[in-house]
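# Observations on the three-dimensional arrangement
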Amino acid sequence: MTSAPYSRFLKSRGWSQATIAAATGTTENQVRAVIQGRQRVTSYDVLERIAERLSIPRGLMGLAYEQ
């Protein structure tokens, strides 16, 4: 799969790979690998951090909603 749709999505929200890396405590290389489909995010903690810090609804990340 091409990373173009993801790049457009990120740009439309003003998010660069550097911004995402800084917000989620990862590296730009890790962010790039995920966007390009070369790496998967399987850690629940990392998914929670991404959802929280980028204001993405937890359900869209496959996470349970907090009560």
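Since we're looking at a predicted model, the values are computed, not measured.

## Quick notes on the pattern of salt bridges
- Tallied over the entire structure, the rule returns one salt bridge.
- The closest approach of N and O atoms between Arg58 and Glu48, which form a salt bridge, is 3.3 Å. With Arg58 in the segment after α4 (44-53) and Glu48 in helix α4, this residue pair connects regions lying 10 residues apart in the sequence.
- What makes Arg58 buried here is its relative accessible area of 16%.
- We classify Glu48 as partly exposed; its relative accessible area is 23%.

## Focus: the layout of surface pockets
- There is about 800 Å³ of room inside the largest pocket.
- Lining the largest pocket are 28 residues; nearest its centre among them are Val34, Ile35, Val41, Ile50 and Met61.
- Sorting the residues of the lining of the largest pocket by element identifies α1 (4-12), α2 (17-24), α3 (28-35) and α4 as the ones contributing at least two each.
- Looking at which element gives the most residues to the lining of the largest pocket, the answer is α3, with four residues.
- Residue composition of the lining of the largest pocket, by class: 18 nonpolar, nine polar and one charged.

## A few points about the side chain of Thr24
- One can find Thr24 in helix α2.
- Looking at Thr24, the relative accessible area reads 2%, which means it is buried.
- Beyond its immediate chain neighbours, meaning those up to four positions away, Thr24 contacts Arg49, Ile50 and Arg53.

## Some remarks on unusual backbone geometry
- For Ser55, which is not glycine, the phi torsion reads 55° and is therefore positive.
- By the secondary structure assignment, Ser55 is in the segment after α4.

Each value, and the rule that gives it
- Residues numbered from 1 in each chain as written.
- Predicted model: local features only at pLDDT ≥ 70, side-chain atom pairs only at ≥ 80, totals over all residues.
- Heavy atoms only, no water.
- Salt bridge = Lys/Arg side-chain N within 4 Å of Asp/Glu carboxyl O.
- Helix = DSSP H or I, 4+ residues; strand = E, 2+ residues; numbered from the N terminus.
- Buried < 20%, exposed > 50% of the residue type's maximum accessible area, 1.4 Å probe, protein only.
- 1 Å grid on protein atoms, 1.4 Å probe; cavity = no way out; pocket = protein on both sides within 12 Å on 5 of 7 lines; lining within 4 Å.
- Points joined across faces, edges and corners; volume = space filled by probe spheres on them.
- Nonpolar A, V, L, I, M, F, W, Y, C, P; charged D, E, K, R; others polar.
- Contact = heavy atoms within 4.5 Å.

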